[in-house]
Amino acid sequence: MAKNNKVKFGLNNVHYAKILNWTEDKQPVYAEPLRIPGAVNLSVDPNGEVENFFADNTVYYVINNNSGYDGDLEIALIPTIFAIDILGEKIDNNGLLVENINSELSEFALFWEFDGDQHHIRHVAYRCSASRPGMTGKTNEDTKTPQTDTLSIKMMSLPSGLVKAKTLASTEQKIYDEWYKSVHMPVFTEIPSATKTKASS
C-alpha cells in the first residue's frame, strides 16, 4: 500500500472520454478515453453554496447545494480530435476545420492527474461540458512565449448524483493502473437491512 501524500503539485495526463449516449436507466455510455497533450493549468471552483435553514431560533438544518464545479482548463493547443468530438467542428473536403453556428457541443468525462510526494493522484469528473475557446495572439518579441488555449469547463453531476472521483493510497492497484483505459464507475457495498436496523438501534 502506498503512503499518503503530504503535498501535491503539477498537472499531467489530462484525458477525455466522450459520452456517446445514455442507457434507459440514465447511465452514460463513454467512448474510449483520449489524451489531451500539453496540459498547462486546471482551475475549477465549487458551484453551489451551503445554506442554513433556521428553526427554533437556531440553525436547524444545513442544505448543501452541490452543483458541481466551474473553471478553466488551459492547454498548449486544442487537439483537432477534441474540436471534432466535443466542440462539434467538422473537417471539410479540403482539409479545413470548420465551425458552424449549428454545431452541437457534446458532454464528456474528464481525467487528470496531480503529482504527489508519494504517489500521483488520479481524478475523473463524470459529466463535463466545454465552451468554445477564445482566440488570442501576440507578436514575437526578443523571446518567443507560446500562446495557450483555454477551455471553460463545467463539471456537472450524472442523473445518479455522481460528480467526480479520485484515487487514494488505498485504491486497488488494478484500478489505478487502468485509470485511463475506461471510465471507472464507483461500487458501493449495500449494507443488509438487518445490519442497518442493528446499527441504527
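Everything below is about the structure shown above.
Summarised in this report is the structure supplied together with it.

So, the environment of Gly-68
Consideration 1: Among the structural elements, Gly-68 can be located in the loop between β6 (58–64) and β7 (69–75).
Consideration 2: Residues Gly-68 and Gly-161 lie 93 residues apart in sequence; the distance between their C-alpha atoms is 9.9 Å.

Structural notes on the side chain of Glu-113
Consideration 1: The residue Glu-113 is located in strand β10 (residues 108–116) in this model.
Consideration 2: For Glu-113, a relative accessible area of 2% puts it in the buried group.
Consideration 3: Those residues within four positions of Glu-113 in sequence are excluded, and the remaining contacts are Gly-10, Leu-11, Asn-12, Asn-13, His-120, Ile-121, Arg-122 and Tyr-180.

Section: the packing of aromatic side chains
Consideration 1: Evaluation of the coordinates by the stated rule reveals 4 aromatic pairs.
Consideration 2: Judged by centre distance (6.5 Å) and plane angle (90 degrees), the rings of Tyr-16 and Phe-108 are edge-to-face. Taken together, the residues Tyr-16 in strand β1 (residues 8–22) and Phe-108 in strand β10 connect sequence positions 92 residues apart.
Consideration 3: Residue classification places Tyr-16 among the buried positions, given a relative accessible area of 1%.
Consideration 4: Three or more aromatic residues link up through ring pairs in this structure, and these residues are Tyr-16, Phe-82 and Phe-108.
Consideration 5: Above the face of the Tyr-176 ring, Arg-122 is positioned so that its terminal group lies 4.1 Å from the ring centre.

Quick word on the nonpolar core
Generally speaking, a soluble globular protein has its nonpolar side chains buried in company with each other.
Consideration 1: Ranked by internal contacts, the top residues of the largest apolar core, which has 22 residues, are Phe-82, Phe-108, Leu-110, Trp-112 and Ile-153.
Consideration 2: When contributions to this core are tallied by element, the ones reaching two or more residues are β1, β7, α1 (80–85), β10, β11 (121–130) and β12 (149–156).
Consideration 3: The dominant element in this core, judged by the number of residues it contributes, is β10, at 4 residues.
Consideration 4: Other than its neighbours up to four places away in sequence, Ile-153 contacts Tyr-69, Asp-70, Gly-71, Asp-72, Leu-73, Phe-108, Cys-128, Ser-129 and Ala-130.

Here we look at the pairing of β7
Each regular strand displays side chains that alternate between the two surfaces of the sheet.
Consideration 1: Sheet topology note: the strand β4 (residues 39–46)/β7 ladder contains 7 bridges and is antiparallel. Residue pairing for β7: Leu-42 is matched across the bridge by Leu-73.
Consideration 2: Pairing between β7 and β12: 7 bridges, direction antiparallel. By the bridge assignment, Gly-71 is partnered in β12 with Ile-153.

A look at the pattern of salt bridges
Consideration 1: Counting across every chain of the model gives 5 salt bridges.
Consideration 2: A salt bridge links Lys-154 to Asp-70, with the nearest nitrogen and oxygen atoms 3.3 Å apart. Note that Lys-154 is positioned in strand β12 and Asp-70 in strand β7, a separation of 84 residues in sequence.
Consideration 3: Owing to a relative accessible area of 29%, Asp-70 belongs among the partly exposed residues under this scheme.
Consideration 4: In this structure, Lys-174 and Glu-178 form a salt bridge, with 3.2 Å as the shortest nitrogen-oxygen distance.

With respect to unusual backbone geometry
Consideration 1: The phi dihedral of Asn-13 is positive, around 55 degrees, even though this residue is not glycine.
Consideration 2: In this structure, Lys-26 takes a positive phi of about 65 degrees despite not being glycine.
Consideration 3: Summarising the element assignment, Lys-26 is placed in the loop between β1 and β2 (28–30).
Consideration 4: Residue classification places Lys-26 among the exposed positions, given a relative accessible area of 55%.

What counts and what doesn't
Residues numbered from 1 in each chain as written. Predicted model: local features only at pLDDT ≥ 70, side-chain atom pairs only at ≥ 80, totals over all residues. Heavy atoms only, no water. Helix = DSSP H or I, 4+ residues; strand = E, 2+ residues; numbered from the N terminus. Buried < 20%, exposed > 50% of the residue type's maximum accessible area, 1.4 Å probe, protein only. Contact = heavy atoms within 4.5 Å. Phe/Tyr/Trp six-rings, centres within 6.5 Å; stacked < 30°, edge-to-face > 60°. Lys NZ or Arg CZ within 6 Å of the ring centre and 35° of its normal. Core = buried A, V, L, I, M, F, W, Y, C linked by side-chain atoms within 4.5 Å. Pairing = 2+ DSSP bridges. Salt bridge = Lys/Arg side-chain N within 4 Å of Asp/Glu carboxyl O.

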